[in-house]
Amino acid sequence: MTVPTAEAIAHQELIDKLDIHSIQKPFRNPHWKPNQRRNKNIKTILGDAVRKEVSSLMPTKDNSGAATPSPAGGSSTTSISGSSTPANPPPSTTLQPNLAQASRNLSKLVLERNMRTSGVSTAPNATYMNIESAPSLAHGRHYCDITGLPASYTDPKTRLRYHDKEVFGVVRTLGQSVAEQYLEARGAHTVLK
Amino acid sequence: MVPSATWPPQDCRPEASILPPHLYYPKEAHYEKFTGTDHSGYQHAKSRGVGRTAIVIDNGSSSLRAGWSFEENPRLSVAPIFAKYKERKLNKHYSFVGADVYSDTTAKSHMRHAFEAGTGIVANWDVMESLLDYVFLKMGIDGASGGVDMPIVMTEAVANLPYARKSMTEIMFECYSVPSLAYGIDSLFSYDYNNGKTGLVVSSSHSSTHIIPVLKQKAMLIQATRLNWGGLQSAEYLQKLLRLKYPIFPGKINASQMEYLIRDHCYLSQDYDQELSKYLDWTGLEDRDHVIQYPYTEVIEVQKSEEELARAAEKRKESGRRLQEQAAKMRLEKLILKEEELEYYRDVQRRIIDQTKKEIKRILDAEDMKDEVALERTIKELDKSIREARQKNIGGDPIEEEVEESNYSLLDTPDDQLDEAGLKQKRHQRLMKSSVEARQRAKAEKEAEKARIEEEQRLDDEKRETDIKGWLAQRRNALAETKAKMKDRDRLKADLGNRKSLASQIRMKSIANLASDAPTKKRRRGNDDDNFGANDDDWGVYRQIAVGDASGEDEEEEDLGATLKTLEADLLRYDPDFTEQHTLEAQTDWTKSLIHAFLRGPRPFDSTSQAEVHQLHLNVERIRVPEVIFQPTIAGVDQAGIVEIAADILTHRLNGSSAQEDVLRDVFLTGGNSLFRNFDERLREGLRGMLPAGSPLVTRRAKDAVLDPWRGAAKWAGGGGWKEAAVTRGEYAEKGSDYLKENALGNAYS
């Protein structure tokens, strides 16, 4: 066994000092036993929520007709459970429909609807998914993938955008995988599924 | 636009006028110092009495800030990271929180984040608990009552997921037994702290950017919009760009350094497209190009002094001389030996002159000689080698190898008249004759070639003197041809790398043709013999199909290069219109190269200098990275930029409402990622273009974009709004972990 150097000893002292594992934490409840599987990512959480909604809707066959999304919107929510008559009126009609909401995909819409119909709150809610910004309607400008300068051309082989002849020379020396990485930085790479 | 058009003329070459670059050094997150436990705050809080003080925690994804509600600033600012491992040698567990993780390499490798990457949602609750442990420890909570006996005010993400909030609430009440708990949104706290009443809150933080309209101090959360882009994503994007820009960079580029680089060097351009198109232009590039010097070790080359070099050369010469002397001595010895031998054989020769045949045979046998002829030959050879050696020793011109006027006498004699020895002799003579003739032929050819070249040169000179124009035109054509050839060769090389290119396909066809027993082409003609090889050019096909055989290519390359050089030299000498600038070398000079400006800035690059190899140049990236928040498609984020989102909220969702103008009057910027220079102007100008003319538009920044959320929460804690919104332990026990009281600065129940 080697003799620890002064440096190593100092480091050991430092990490012993910084360590919080061995410090008593009297403010913690000694009986606190958290769920072992409480760490979930957003995808799992949202998936769980959908499953819960579906299972809670399944047994009550009588509302199956009403649960079909109707274009009329708000009115159908009242017929599901009498107890959840909307306390708040639907949002002022002068407000335009939320563009972000309009562009969500169907599954999100269904989930959203189910959350609403499950009866606690009837006003449209801001959820983690529906506040996400919609895709841009503006025409995107093209920039050179290599240099970032404005690009007027696209290389048909690699699909990279390039600024001028010299950059094109560089583009042509790139391997397929490097070109793909450049595309990935712009989110235009091919994803194999 | 062509960038080279703006390049300065040749006479103001940059080397002379440019100062050495200002070097910036990379910074990264590191261990700073030990944070002690401070009990004073806790004592003070207790002395203030129940319900008047709270622990305020701004639970942000870049750092968790915690402190007492009665203080001006948070006591702690902890990065939401945690490391836990077991030291095997000591059989002991270690846990580190925040920047302390960086103090130990083992800890660093066990680092975990509390938040899901790129979001403001807590995903790892073990890490979160340890962070809270750390906070309560350092704030001096003694746990005398078996828990944390202070109310908690905490921030959370906009539209936090119910599961995440529920988990947090459970931990707070079950594990720490807090008396009450209230949640709010960080950016709204910041707005409230900056006396905002009605306006548009634009909060760009570490993991995302939110835009929330606020009416009379009440957030319209249903109109809130999130853009999934923040400081973290910017850092990742910059890292991606730099890794592509310098694929073989020897230093280590990590995300933490990127965050510092963005903070220190990036800014928002007021007019992106306009500034961008001129960014790599020569003028002022030295100001726009920031050089980041990574640590490196200089390879020290021992420079020998002039004297030393001279001494070494002298030594070398000396030893060479000694060797030469030795060799000369050896040669001399050998020569003497040979001379003695020669003398001896001559003596033998003399002795056998008048002897009987028998005696001659005896003497010759004793000398190991076959017959007189052999003896004569030996003598001749010795004589010749001695003469040569003497010549060498004296160092004069080598004597012209005297053509043995060998007698070819036997050649004309028919075979049947000769005996066996005669035949042998004849064969030998024939061989000699043919080799002598061949040598003469080669010599003649060589001379003819020399004469031809001379003649060509003479004709060329003559033509140049008589018809300079035609001569120049010819040279130019040749130059152009050489260039085209070089280009073709490069193209072919590139094409052969691509399986689908025409060149590759032709090559595959040739291979198939060669391998096939019945080449298709020939069969069509109905000729069985394909005559392959009858024409010398046929063999060229093997050169064509050979790929990756560098030796042959190199030769050709060299050849073209040499031709180009001589042509250019000729033109330089005789053509007044052809200057240094027109040579290929000058045209590929780095001062002309946009790529060079992009990669290495306005100075020459020396690939042997370790310092320069370890440099990163930030130029276009300085505006390209922050720009993403205005144009997310640049980085492949399929969302609208903040101007578009804000304009959509203002002109569509708030259209017609009287609040619209009031909201316009106060566009409020907060969050660490909004600190870029020009962020407010850029947003204002962008919005102005999308709003009706004359709209009253005012943008302002938070006083402290980073700490104001905490301060706002601290201000709010203790007020009436807080008392209404806080969920007490009793309420929790009664109504469960889903229970939430909505408040003006927090999320709505969902």
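The shown structure was predicted, so the numbers you read here are calculated from the model rather than taken from an experiment. (Residues numbered from 1 in each chain as written. Chains lettered and ligands numbered in written order. Predicted model: local features only at pLDDT ≥ 70, side-chain atom pairs only at ≥ 80, totals over all residues. Heavy atoms only, no water.)

So, the overall build of chain A
- Scanning chain A from N- to C-terminus turns up eight helices and two strands.
- Of all 193 residues assigned to chain A, the portion counted as buried reaches 31%. (Helix = DSSP H or I, 4+ residues; strand = E, 2+ residues; numbered from the N terminus. Buried < 20%, exposed > 50% of the residue type's maximum accessible area, 1.4 Å probe, protein only.)

Some points on helix 11 (residues 306-351) of chain B
- Between its terminal C-alpha atoms helix 11 of chain B stretches 67 Å, which fits the 68 Å expected from 46 residues at 1.5 Å a residue.
- Along helix 11 of chain B, the residues classified as buried are L335, L342, Y345 and V348 of chain B. (Expected span 1.5 Å × (residues − 1).)

Section: the nonpolar core
- Counting residues in each nonpolar core, the largest one holds 75 residues, and the members touching the most others are Y237, L242, I642, L683 and L687 of chain B.
- Broken down by element, the residue count for this core peaks at seven residues, all from helix 24 (residues 642-653) of chain B.
- Residues contacting L242 of chain B, with those up to four places away along its chain left out, are I253, M258, L261, L616 and L618 of chain B.
- Core analysis: the next-biggest nonpolar cluster, separate from the first, contains 54 residues, W32 of chain A together with V78, F82 and I141 of chain B among them. (Core = buried A, V, L, I, M, F, W, Y, C linked by side-chain atoms within 4.5 Å. Contact = heavy atoms within 4.5 Å.)

A short note on the sheet that holds strand 9 (residues 180-185) of chain B
Residue and element names in this part refer to chain B.
- As summarised here, the arrangement of the six strands in space is 4-3-2-8-9-18, forming an open sheet in which the pairing is mixed. Edge positions in the sheet fall to strand 4 (76-78) and strand 18 (727-728), since each has one partner strand and no second.
- Here strand 2 (residues 55-59) runs beside strand 3 (residues 64-68); their pairing, made up of five bridges, is antiparallel. For D58, the partnering residue across the bridge sits in strand 3 and is R65.
- Those strands touched by helix 6 (residues 186-193) are strand 2, strand 8 (152-156) and strand 9, and its axis lies near 80 degrees from that of strand 9. (Pairing = 2+ DSSP bridges. Axes fitted to C-alpha atoms, helices over the stretch in contact; angles between N-to-C directions.)

Digging into helix 8 (residues 255-265) of chain B
- Those residues of helix 8 of chain B that sit buried are S256, Q257, M258, L261, I262 and H265 of chain B.
- Of the surrounding secondary structure, the elements contacted by the buried residues of helix 8 of chain B are strand 1 (23-24), helix 7 (231-245), strand 14 (290-293), strand 15 (615-618) and helix 23 (621-627) of chain B.

A few points about unusual backbone geometry
Residues and elements named next belong to chain B.
- Not every positive phi belongs to a glycine, and N91 is a case in point at roughly 50 degrees.
- Mapping N91 onto the fold places it in the loop between strand 5 (81-87) and strand 6 (92-97).
- Positive phi is not limited to glycine here, since K216 has a value of about 45 degrees.
- As for its placement among the helices and strands, K216 is situated in the loop between strand 11 (209-215) and strand 12 (218-219).

Here's the deal with the interface of chain B and chain A
- Listed per partner, the contact involves 88 residues of chain B and 70 residues of chain A.
- Sorting the residues of chain B by area buried against chain A places Y163, R226 and L244 of chain B first, and these three jointly supply 10% of that buried surface.
- In this structure, the connection of chain B to chain A is made through seven salt bridges.
- A salt bridge links E129 of chain B to R28 of chain A, with the shortest nitrogen-to-oxygen separation between them at 2.6 Å.
- Linking chain B with chain A are 38 residue pairs in polar contact (both at pLDDT 80 or more).
- Looking at which element gives the most residues to the side of chain B that touches chain A, the answer is helix 4 (residues 125-138) of chain B, with eight residues.
- Grouping the amino acids of the side of chain B that touches chain A by side-chain chemistry returns 43 nonpolar, 24 polar and 21 charged. (Buried area = accessible area lost by both parts, 1.4 Å probe. Salt bridge = Lys/Arg side-chain N within 4 Å of Asp/Glu carboxyl O. Polar contact = N/O pair within 3.5 Å; in protein donor to acceptor, adjacent residues only side chain to side chain. Nonpolar A, V, L, I, M, F, W, Y, C, P; charged D, E, K, R; others polar.)

Regarding the pattern of salt bridges
All names here are of chain B.
- Overall, the coordinates contain 46 salt bridges over all chains when judged by the stated rule.
- For E71, the salt bridge identified is with R75, shortest N-O distance 2.6 Å.
- One salt bridge connects K361 with D365, and the closest N-O pair in it is separated by 3.7 Å. One end of the pair, K361, and the other, D365, are both in helix 12 (residues 357-366), four residues apart, so they sit about a helical turn from each other.

Thoughts on the sheet that holds strand 15 of chain B
Residues and elements named next belong to chain B.
- Overall, mixed pairing links the three strands, which are arranged 1-14-15 in an open sheet. What marks the edges here is a single partner per strand, and that holds for strand 1 and strand 15.
- Strand direction decides the pairing type here: strand 1 and strand 14, joined by two bridges, are parallel. From the neighbouring strand, Y24 faces strand 14, where its bridge partner is I292.
- Those strands touched by helix 8 are strand 1, strand 14 and strand 15, and its axis lies near 150 degrees from that of strand 14.

Description of the UniProt feature "domain: Vps72/YL1 C-terminal" (unreviewed entry) in chain A
- Mapped onto the present numbering, the UniProt feature "domain: Vps72/YL1 C-terminal" (unreviewed entry) falls at residues 142-171 of chain A.
- Between the C-alpha atoms that bound residues 142-171 of chain A there is a distance of 16 Å. The span itself is 23% helix and 13% strand. (UniProt positions renumbered as here; feature names shortened; annotations may be inferred.)

Considerations on the environment of L181 of chain B
All names here are of chain B.
- When you line up the elements, L181 lands in strand 9.
- On the accessibility criterion, L181 (2% relative accessible area) is buried.
- Taking the C-alpha atoms as reference, L181 lies 5.3 Å from V727; in sequence the two are 546 residues apart.
- Setting aside residues up to four positions removed in sequence, L181 forms contacts with I152, T169, M172, F173, A725, A726 and V727.

Digging into the side chain of R475 of chain B
Residues and elements named next belong to chain B.
- Residue position: R475 is located in helix 15 (residues 468-497).
- Classification of R475 by relative accessible area gives buried; the value is 13%.
- Beyond its immediate chain neighbours, meaning those up to four positions away, R475 contacts D460, L567, D570 and L571.

Side note on the side chain of S234 of chain B
- Its location among the elements puts S234 of chain B in helix 7.
- Discounting chain neighbours no more than four positions away, the residues touching S234 of chain B are W229, I262, V625 and N673 of chain B.

Some details on the packing of helix 4 of chain B against helix 5 (residues 162-175) of chain B
All names here are of chain B.
- Here helix 4 crosses helix 5 at 45 degrees, and the two axes come no closer than 12 Å. Overall, the two elements helix 4 and helix 5 adopt an arrangement that is oblique. Crossing geometry of helix 4 relative to helix 5 is assigned as right-handed. Side by side, helix 4 and helix 5 meet where W125, M128, E129 and L132 of the first sit next to Y163, A164, S167, M168, I171, M172 and C175 of the second.
- For the contact of helix 4 with helix 5, the residue count by class is nine nonpolar, one polar and one charged. (Parallel < 35°, antiparallel > 145°, perpendicular 65-115°, else oblique. Left-handed = near helix turned anticlockwise from the far one by under 90°.)

A short note on a nonpolar patch on the surface
- A contiguous nonpolar patch, built from F532, W539 and Y542 of chain B and spanning about 320 Å² of accessible area, is present on the exposed surface.
- Summarising the element assignment, W539 of chain B is placed in the loop between helix 17 (520-525) and helix 18 (540-545). (Patch = residues over 30% accessible without salt bridge, like charges linked within 9 Å, V, L, I, M, F, W, Y side chains within 5 Å. Areas by Shrake-Rupley, 256 points an atom, 1.4 Å probe, with all protein chains shown as cover.)

Comments concerning the pairing of strand 9 of chain B
Residues and elements named next belong to chain B.
- Of all six residues making up strand 9, six are buried, and the element is well covered by its neighbours.
- Of the two faces of strand 9, the one carrying S180, A182 and G184 and the one carrying L181, Y183 and I185 are both buried.
- Across five bridges, the pairing between strand 8 and strand 9 is parallel. The residue of strand 9 that forms the bridge with I152 is L181.
- In this fold, strand 8 hands off to helix 5, which returns the chain to strand 9; that crossover is right-handed. (Right-handed = clockwise from strand over helix to strand, strands pointing away.)

Digging into a positive patch on the surface
All names here are of chain B.
- On the surface, a cluster of positive charge is contributed by K370, R377, K424, R427 and R430.
- When residues in the positive patch are grouped by element, the largest group, three residues, is from helix 14 (residues 420-466).
- Residue placement: K370 occurs in the loop between helix 12 and helix 13 (372-394). (Lys, Arg positive; Asp, Glu negative; His and termini not counted. Charge placed at Lys NZ, Arg CZ, Asp CG, Glu CD.)

Examining the pairing of strand 8 of chain B
Residues and elements named next belong to chain B.
- Most of strand 8 is tucked away: five of the five residues are buried.
- Neither face of strand 8 is open: one carries I152, M154 and E156, the other V153 and T155, and all of them are buried.
- Judged from the three bridges that link them, strand 2 and strand 8 form a sheet pairing that is parallel. Paired with V56 across the strands is V153, a residue of strand 8.

Some details on the packing of aromatic side chains
- This structure, assessed with the given rule, holds 20 aromatic pairs over all chains.
- Pairing W68 of chain B with F70 of chain B gives two aromatic rings, centres 6.0 Å apart and planes at 15 degrees, and the pair type is stacked.
- With relative accessibility at 22%, the residue F70 of chain B sits in the partly exposed group.
- With centroids separated by 6.1 Å and ring planes inclined at 55 degrees, the aromatic side chains of Y246 of chain B and F249 of chain B adopt a geometry described as tilted. Considered together, Y246 of chain B and F249 of chain B belong to a single accessibility category, that of buried residues.
- An aromatic cluster is built from F27 of chain A together with F136 and Y176 of chain B, whose rings are joined through pairwise contacts.
- One residue, K245 of chain B, lies across the ring of F598 of chain B, its end atom 4.1 Å from the ring centre.
- When the ring centre of F630 of chain B is taken as origin, the NZ or CZ atom of R682 of chain B, which lies over that ring, is 4.6 Å away. (Phe/Tyr/Trp six-rings, centres within 6.5 Å; stacked < 30°, edge-to-face > 60°. Lys NZ or Arg CZ within 6 Å of the ring centre and 35° of its normal.)

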